[in-house]
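# Observations on the three-dimensional arrangement
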Amino acid sequence: GACSSDAGMRLSSEWLCCRAVYRKGVGAPALARYLQDANKELEVWLQVETRSCYESLDHVLSVPGITCAFLGPADMGFSYNLHIKNNYDLTAMLTSSDLDELYRNVVQACKKHKIASGVFCIGAESAQRLANLGYDYVAFDTDLGALINYTSSSQAQLKAASKGTDS
């Protein structure tokens, strides 16, 4: 995606992530409630993942209707060749001090424009640090990682429980 400063703003679809909040229950009545209110519950989340987006962030966030700017530090790190600097170690790149200024600047820009800020990180410790910086939304695992962690934890609990029932 690209940001064009000439004749206004152009946002590509890869920068926009829309989601509908679905908390209406299940079944036909819930679907009817959802269809009545869905357009009122849409959110536009901007993916801040490229150098050009970051360097134009103030201009990008001036576009009306953005709900949240979500920093993707892995893609952003790649954009600044930090993966090479960190010997292709993703965890090292995401926790390196090289991203600290980016993390702070995105939060500040979001506050300036009264837009929620979001970020991805790895681990609860990083999540707490970024929440303390002021991020409104912090994703500290991937969907696959969460599934693997939950499954491993459940298996460990089942094994422990089965040892207690063995005679």
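Keep in mind that this is a model prediction, so the values were computed, not measured. (Residues numbered from 1 in each chain as written. Predicted model: local features only at pLDDT ≥ 70, side-chain atom pairs only at ≥ 80, totals over all residues. Heavy atoms only, no water.)

## Digging into the pairing of strand β4 (residues 116-120)
The condition that has to hold: The classification of residues rests on relative accessible area computed with a 1.4 Å probe and restricted to protein chains. Under 20% of the type maximum is buried, over 50% is exposed, and intermediate values are partly exposed. The numbering of helices and of strands both runs from the N terminus, where a helix is a DSSP run of H or I of at least 4 residues and a strand a run of E of at least 2. Strand pairing follows a simple DSSP-based rule, namely that at least 2 bridges must link the two strands.
Of all the 5 residues making up β4, 5 are buried; the element is thus mostly covered by neighbouring parts of the structure. Every second residue of β4 is oriented toward a common face, with Ala116, Gly118 and Phe120 on one face and Ser117 and Val119 on the other, all of them buried. Note: strand β3 (residues 68-71) against β4, 4 bridges, orientation parallel. Its bridge partner being in β4, Ala69 is matched across the sheet by Ser117. Of the strand pairs in this sheet, β4 and strand β5 (residues 137-139) are connected by 3 bridges, and their pairing is parallel. If you follow Val119 over to β5, its bridge partner there is Val138.

## Some points on the pattern of salt bridges
What counts, and what does not: In what follows, salt bridge is the name for a side-chain nitrogen of Lys or Arg lying within 4 Å of a carboxyl oxygen of Asp or Glu.
With the rule as written, the count across this model stands at 4 salt bridges. In this structure, Asp100 and Arg129 form a salt bridge, with 3.6 Å as the shortest nitrogen-oxygen distance. Of this pair, Asp100 sits in helix α7 (residues 100-113) while Arg129 sits in helix α8 (residues 124-133), and the two are 29 residues apart along the sequence.

## Some words on the packing of aromatic side chains
Stated precisely, the cut-off is as follows: A pair of Phe, Tyr and Trp rings is counted when the ring centres sit within 6.5 Å of each other, with Trp represented by its six-membered ring. The angle between the planes then sorts it: under 30 degrees is stacked, over 60 is edge-to-face, the rest tilted.
Throughout the structure, instances matching the rule amount to 3 aromatic pairs. Between Tyr54 and Tyr80 the ring centres are 6.4 Å apart and the planes differ by 80°, which places this aromatic pair in the edge-to-face class. Of this pair, Tyr54 sits in helix α2 (residues 51-55) while Tyr80 sits in the loop between α4 (73-79) and α5 (82-85), placing them 26 residues apart in sequence. Looking at Tyr80, the relative accessible area reads 21%, which means it is partly exposed. Of the aromatic side chains, those joined through ring pairs into one cluster are Trp45, Phe70 and Tyr137.

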